Protein chains: 2
Amino acid sequence: MVQYSPTIDSAFTALADPTRRSVLERLGAGSATISELAEPFGMSLTGMKKHVRLLEEANLVATQKVGRARVCTLVPYAFEGISTWLMRLDRFAQVVERTKGER
Amino acid sequence: MVQYSPTIDSAFTALADPTRRSVLERLGAGSATISELAEPFGMSLTGMKKHVRLLEEANLVATQKVGRARVCTLVPYAFEGISTWLMRLDRFAQVVERTKGER
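No experiment lies behind these values; they were computed from the predicted model shown.

Asks: Run through the pairing of strand S3 (residues 69–74) of chain B, naming residues and quoting values.
Replies: All names here are of chain B. When strand S1 (residues 32–33) meets S3, the two strands line up antiparallel, connected through two bridges. By the bridge assignment, threonine 33 is partnered in S3 with valine 71. Bridging between strand S2 (residues 61–66) and S3 involves six bridges; their strand directions are antiparallel. Note that in S3 the partner of valine 66 across the bridge is alanine 69.

What follows is the structure in structure tokens.
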């Protein structure tokens with residue numbers, strides 16, 4: 001069952017942080033190195049590396065060493081499972097709401 | 001911007017726990033009291049109340065006192081914002097992936 005998956009746990013935990021959500025939005029515009037990600041936040045490389053590691057462990061972001069830099073990319077279809085699950089819940093909620101109105 | 005919203009923070013934090021996701025799935029089948037929610041988990045009422053409070057604070061679940069029981073219901077459209085945001089990210093990820101292939 002979807003809700004016991006450790007991958008889903010780690011994905012939601014990764015998404016609960018606003019900095020990590022901003023990083024994902026930035027990566028939506030294209031791949032970026034850790035320093036490119038850190039810069040707009042005025043964050044240390046070490047701090048950003050920790051966020052990226054969490055996103056990587058949740059399988060939302062993939063990284064690749066290119067020369068001395070580490071390039072980060074969004075993992076395609078990584079968000080599909082959880083957004084489908086959330087939309088299904090939303091449909092349920094609307095059905096429950098309508099049924100309540102009919103009673 | 002979506003990613004700085006404290007509501008989104010609390011929604012993702014609420015969703016990071018498998019028990020709370022199961023509670024949401026259960027509520028997708030219709031409203032339920034705290035005891036009805038606690039029973040299948042073999043959980044104390046106090047334990048379930050804590051989970052429900054977190055879901056309520058995240059505005060994913062609404063509760064209403066009916067006699068001596070507290071009835072919990074999914075909030076309609078509560079998941080719409082975050083599922084839309086996730087699907088948008090997914091589309092971005094697919095575009096980035098395609099662009100990479102074309103280089």
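Asks: Which residues make up the pattern of salt bridges, and what values do they have?
Replies: The final tally for this structure, using the stated rule, is four salt bridges over all chains. We note a salt bridge from aspartate 9 of chain A to arginine 21 of chain B, for which the minimum N-O separation is 2.7 Å. Placement of aspartate 9 of chain A in helix H1 (residues 6–15) and of arginine 21 of chain B in helix H2 (residues 18–28) is noted, with the two residues assigned to different chains. The salt bridge partner of glutamate 25 of chain A is arginine 88 of chain B, with a shortest N-O separation of 2.9 Å. With glutamate 25 of chain A in helix H2 (residues 18–28) and arginine 88 of chain B in helix H5 (residues 80–102), this pair bridges two chains. On the basis of relative accessible area, arginine 88 of chain B is assigned to the partly exposed category, the value being 30%.

Asks: Describe the packing of aromatic side chains, naming the residues involved and giving the relevant values.
Replies: Applying the stated criterion across every chain yields a total of three aromatic pairs over all chains. Summarising the aromatic geometry, the rings of phenylalanine 12 of chain A and phenylalanine 12 of chain B are spaced 6.1 Å apart at their centres and angled 35° between planes, so their arrangement reads as tilted. With phenylalanine 12 of chain A in helix H1 and phenylalanine 12 of chain B in helix H1 (residues 6–15), the pair connects residues from two separate chains. With a relative accessible area of 0%, phenylalanine 12 of chain A lands in the buried category. One aromatic cluster is present, built from ring pairs that chain together Phe12 and Trp85 of chain A together with Phe12 and Trp85 of chain B.

Asks: How would you summarise the sheet that holds strand S1 (residues 32–33) of chain A if you had to cite specific residues and measurements?
Replies: Residues and elements named next belong to chain A. Pairing is antiparallel across the open sheet formed by three strands, whose spatial order is S1-S3-S2. Single-partner strands in this sheet number two, and they are S1 and strand S2 (61–66). Together, S1, S2 and strand S3 (69–74) form the strand contacts of H2, whose direction differs from that of S3 by roughly 85°.

Asks: Give a description of the nonpolar core that names residues and reports values.
Replies: Across soluble globular proteins, nonpolar side chains have a tendency to be buried as a group. With 54 residues, the main nonpolar core has Leu24 of chain A together with Leu24 of chain B as its most contacted residues. With residues near it in sequence (within four places) discarded, leucine 24 of chain B still touches Trp85 and Leu89 of chain A together with Leu15, Leu55, Leu60, Val61, Leu74 and Phe79 of chain B.

Asks: Mind laying out the interface of chain A and chain B, listing which residues take part and the relevant values?
Replies: Counting residues at the interface gives 43 residues for chain A and 43 residues for chain B. Summed over both sides, the interface between chain A and chain B buries roughly 3,600 Å², with carbon and sulfur atoms accounting for 65% of that surface. There are ten residue pairs in polar contact (both at pLDDT 80 or more) connecting chain A and chain B. Looking at the side of chain A that touches chain B, the elements with two or more residues in it are H1, H2, S3 and helix H5 (80–102) of chain A.

Asks: Could you give an account of the relation of the copies chain A and chain B, naming the residues involved and the relevant values?
Replies: What relates the two chain copies is a rotation about an axis together with a slide along it. Taken as rigid bodies, chain A and chain B are interconverted by a rotation of 180° and an axial shift of 0.0 Å, the fit giving an RMSD of 0.0 Å. Expressed as a symmetry operation, the mapping of one chain copy onto the other fits a two-fold axis. Scanning chain A for the C-alpha nearest the rotation axis identifies serine 83 of chain A, at a separation of 2.4 Å.

Cut-offs used in this document
Positions within a chain are numbered from 1, following the residues in the order the chain's sequence is written. Lettering of chains starts at A and numbering of ligands starts at 1, both following the order in which they are written. Side-chain atom pairs in this predicted model are given and counted only at pLDDT of 80 or more, local residue features only at pLDDT of at least 70, and totals for whole chains, interfaces and linings cover all residues. Remark: hydrogens and water are excluded; side-chain values derive from all non-hydrogen atoms of the structure. Two strands make a pair as long as DSSP finds a minimum of two bridges between them. Where helices and strands are cited, they refer to DSSP runs of H or I of at least four residues and of E of at least two residues respectively, numbered from the N terminus. By definition, a salt bridge exists where a carboxyl oxygen of Asp or Glu is found within 4 Å of a side-chain nitrogen of Lys or Arg. Throughout, exposure labels follow a simple rule: accessible area from a 1.4 Å probe, protein chains only, divided by the maximum for the residue type, with under 20% read as buried, over 50% as exposed, and the rest as partly exposed. For this analysis, a ring pair means two rings from Phe, Tyr or Trp (six-membered ring only for Trp) whose centres lie within 6.5 Å, classed as stacked if their planes differ by under 30 degrees, edge-to-face if by over 60, and tilted for the remaining angles. Contacts between residues were defined by any pair of non-hydrogen atoms, one from each residue, lying within 4.5 Å. Angles shown run from 0 to 180 degrees and are taken between the N-to-C directions of axes, each axis being a line fitted to C-alpha atoms and, for helices, limited to the stretch in contact. Buried Ala, Val, Leu, Ile, Met, Phe, Trp, Tyr and Cys residues form a nonpolar core when they are joined through side-chain atoms within 4.5 Å. As a working definition, buried area equals the accessible area (1.4 Å probe) given up by two parts on being put together, with both sides summed. Within 3.5 Å is the distance limit for a polar contact, defined as a pair of N or O atoms, with the added protein rule that one can donate a hydrogen and the other accept it, and that residues adjacent in sequence qualify only through two side-chain atoms. Residues below a pLDDT of 70 in either copy are left out; the C-alpha atoms of the rest, at least 70 in both, set the least-squares superposition of the copies.

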